[in-house]
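Close look at the chain arrangement
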Amino acid sequence: MKKQKNKLAGLQRRKAIAGYIFISPFIVGFLVFMVKPFFQSLYMSFCTVEVGAGNFEPIWKGLDNYIRAFRIDPEFTRLLTEEVSRMVIDSLAIMVFSFFVALILNQKFKGRALVRAIFFLPVILSSGVILGLETDNSLMAQVQVAIEENTTGMSITAAVENILRTAGVGVRAFETVFEIIDNIYNIAISSGIQIIIFLSGLQTISTSMYEAADIEGCTKWESLWKITFPMISSMFLVNWIYTIIDFCMRSDNEVIEKITKVMVEQINYGFSSAMTWIYFLIVIAFVGITSFFISKGVYYYD
Amino acid sequence: MTKAVAKQKNSSFWERNRKSEGYLLKKTIMSIALKICRFILLFGMCFMILQPIFNKISVSFMEERDLYNPMVIAIPEHFTTENYRLAAELMAYSKSVVNSLVVSFTIAVLQISVCTLVGYGFARFNFPLKKFWFACVLMVVLVPPQTISTSLHLHFRFFDVLGIFKAVTGNSINLRGSVLPYYLMSAGCMGLKNGLYIYMIRQFFRNIPMELEEAAYVDGCGTLKTFLRIMLPDATPILTSCFLFSFVWQWTDGFYSKLFLGNVRLVSTSLSRIVDSLASYLQRLQGTTVTPTVGLVDCIMSTGTLMIIIPVLILYLFAQRGFVESLSSSGIKM
């Protein structure tokens, strides 16, 4: 009896060892390329780093870099608030947009494969450096100016905007909405993955549920809120986290540009680490708080 | 004959409509209106996504003066392929494409094979501290690489393994600018979005029934053999899509390329430098410092972007199913 138990333990141990062997590349990589740089950069953010010929030497300066980031540097606080507010608004817009598009793309119609392919195109085309080039395309701006001149500045959207602006009620809210609408291209090109995630969620909902609701006299609108929404609520959490993280890594992010500039051109490692840490902590705090609230509302079917 | 059938069908429609007290007609009209709305919406959004590409194509064939001409919008008046020649020269196109192909391909293969091992390990084995290590994977997904970039920069600039090199040569090695650090990082699952690949692959392996593996063990298959013979062939779709993502994202990546691969000419880095190279090219040509005009910069930039997109676009056209379908069918769940 005892022997058998030992044997089982041996098998389990063998499996455990095999498991560790399988994930060993990750452990090594994590310790060498993640943990060490992580704490090193935290340490460096409190230091001035002197780069010599064969080595570098951090000199402890306390909170100097952080004070400099907030109080002395003319750009950083402005860029930070701009980027964070853009992140909040854009992420919300991306969530709504991708959910909406996923709902449409989940229906059956002719040419669905083509439309899906087109919506997914930006994931591969607008990544990395190409995105950075896209944002400062002065030619597009010129074309826009030319078009506006030719049409004497009057279009339906502009007229609607003017009416809503002069309505005097909730002007600030309208301004935000206009901003999002003007930004719709950016939102469309950065919601490819989110659409796919929502689609995969929508496909796991069994059709029998909709049929049952239909027979009971449930309209499409009601079943959207009572069935679809709760069933893919976990996808909202995944997408929300992914969207924010993705936003932080985009190459047209001005805070990141500033950090890279300070690091590569001015060779000020301490200051750039401090700025990265401020940014990172804000983003992580934001992700943590919001996903805590979202996860409260997530409904798990099984 | 057909007319009669149609008429009969028609009349039956109206008859049915009458029997349902107008409900059928209302419903048909509603569904047609919905279809039209959907078509307009989708068409508009597809156009919005594709328009920049079309615009780049038309601009890339224009001469500079066409850009200043308000009459010319889509079809160039002075058709030219000069932009392609110039952009190719500025980016050292053939050389950087070959470099990029080699780097992206090897990096993608390395990353995906390592991530598969790790993902399989997480999905199929029980070992102490498993939850902790998986939390570490999630942390890798969450921590933006920018946070640690400063330190990595220094790490590879003064690279050393336990002080051995310093003891032997008296100096640490400057690995910045060579390809090696990035391969090392990829081998340790710390490349571009590797946490995401581990997560997706783990999710896939978890859905394969346990009995399959147990049967293999009973029949005398070892752990490694089970993995290679039984599990890997099953995982082909998710591996293909991860591989494609890895390849494409590596192809366009600017962050890691700028950080580590500064000396290797890649398409992504040469594209981001194209404006500067244009300026220095003009300077060499004319002997004085000149800033290139807005029109010329735009011509060259859109041509360059297009030339970089084209290989990826071709890949996407052929492997579209690999990108989208396997992802949406396998399902990403928390």
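1. Quick look at the overall build of chain A
Within chain A one finds 15 helices and two strands. Classification of the 302 residues of chain A by burial places 30% in the buried group. Partitioning the contacts of chain A with sequence separation of at least 6, the portion at a separation of at least 24 is 74%.

2. Side note on the overall build of chain B
The helix and strand inventory of chain B stands at 17 helices and zero strands. Within chain B, buried positions represent 36% of all 334 residues. Here the analysis covers contacts within chain B between residues at least 6 apart in sequence; of these, 73% occur between residues at least 24 apart.

3. Here we look at the packing of helix H3 (residues 76-106) of chain A against helix H14 (residues 254-264) of chain A
Residues and elements named next belong to chain A. At a closest axis distance of 8 Å, the pairing of H3 and H14 adopts a crossing angle of 145°. Taking contact as the criterion, the partners of Phe76, Leu79, Leu80, Glu82 and Glu83 in H3 are, on H14, Glu254, Val255 and Lys258. Within the contact of H3 with H14, the residues separate by chemical class into four nonpolar, no polar and four charged.

4. Some details on the nonpolar core
The tendency in soluble globular proteins is for nonpolar side chains to be buried side by side. Residue and element names in this part refer to chain B. Of all hydrophobic cores here, the largest spans 123 residues; its most connected members are Val118, Ile201 and Cys242. Counting residues per element, this core draws most heavily on helix H5 (residues 93-124), at 11 residues. With residues near it in sequence (within four places) discarded, Ile201 still touches Cys115, Thr116, Gly119, Ile238 and Cys242.

5. Comments concerning the interface of chain A and chain B
If you look at the interface, chain A gives 71 residues, while chain B gives 71 residues. Residue contributions to the side of chain A that touches chain B peak at 21 residues, all from helix H1 (residues 2-44) of chain A. Across the side of chain A that touches chain B, the residue classes tally to 50 nonpolar, 18 polar and three charged.

6. A look at helix H2 (residues 23-60) of chain B
All names here are of chain B. With 38 residues, H2 should cover 56 Å at 1.5 Å per step; its first-to-last C-alpha distance of 55 Å lies within 8% of that length. Roughly 40° is the biggest bend found in H2, and it falls at Leu50, with proline Pro52 one to four residues downstream. Looking only at H2, the buried set comprises Leu42, Ile49, Pro52, Lys56, Val59 and Ser60.

7. A look at unusual backbone geometry
Residues and elements named next belong to chain B. Located in the positive-phi region is Leu129, a residue other than glycine, with phi close to 70°. With respect to the element layout, Leu129 can be found in the loop between H5 and helix H6 (130-142). With a phi close to 60°, Cys189 is a non-glycine residue in the positive phi region. Among the secondary structure elements, Cys189 is positioned in the loop between helix H9 (180-187) and helix H10 (194-206).

8. Side note on the environment of A:Cys218
Residues and elements named next belong to chain A. Along the chain, the position of Cys218 falls in the loop between helix H11 (207-215) and helix H12 (220-231). A tally of 15 C-beta atoms within 10 Å means that Cys218 is categorised as partly exposed. Setting aside chain neighbours within four positions, we find Cys218 in contact with Ala213 and Ser223.

9. Brief notes about the environment of A:Arg13
Summarising the element assignment, A:Arg13 is placed in helix H1. Residues A:Arg13 and A:Ile205 lie 192 residues apart in sequence; the distance between their C-alpha atoms is 39 Å.

10. Considerations on helix H13 (residues 236-252) of chain B
Note that an α-helix has 3.6 residues per turn; residues three or four places apart therefore point the same way. Over its 17 residues, H13(B) extends 24 Å from the first C-alpha to the last, a length consistent with the 24 Å expected when each residue adds 1.5 Å. The buried fraction of H13(B) amounts to 14 of the 17 residues, a majority that puts the element mostly inside the structure.

11. Quick word on the confidence of the model for chain B
Residues and elements named next belong to chain B. Summary statistics for chain B give a mean pLDDT of 79 and a share of 86% for residues scoring 70 or more. Of all helices and strands in chain B, the one with the weakest mean pLDDT is helix H8 (residues 164-169) (57), whereas H5 scores best (89). ipTM for the predicted complex: 0.76, alongside a pTM of 0.80.

12. A word on the environment of B:Gly195
All names here are of chain B. With respect to the element layout, Gly195 can be found in helix H10. Looking at Gly195, the number of C-beta atoms within 10 Å reads 24, which means it is buried. Taking the C-alpha atoms as reference points, Gly195 and Thr28, 167 residues apart in sequence, are found 49 Å from one another. Ignoring sequence-local partners within four residues, the contact set of Gly195 consists of Val137, Val140 and Val141.

Conventions we followed
Residues numbered from 1 in each chain as written. Chains lettered and ligands numbered in written order. Predicted model: local features only at pLDDT ≥ 70, side-chain atom pairs only at ≥ 80, totals over all residues. Helix = DSSP H or I, 4+ residues; strand = E, 2+ residues; numbered from the N terminus. Buried ≥ 20, exposed ≤ 12 C-beta atoms within 10 Å, placed from the backbone. Contact = placed C-beta atoms within 7 Å. Axes fitted to C-alpha atoms, helices over the stretch in contact; angles between N-to-C directions. Nonpolar A, V, L, I, M, F, W, Y, C, P; charged D, E, K, R; others polar. Core = buried A, V, L, I, M, F, W, Y, C linked by C-beta atoms within 7 Å. Expected span 1.5 Å × (residues − 1). Bend = angle between axes of the 7 residues up to and from the residue. pLDDT = per-residue confidence, 0-100.

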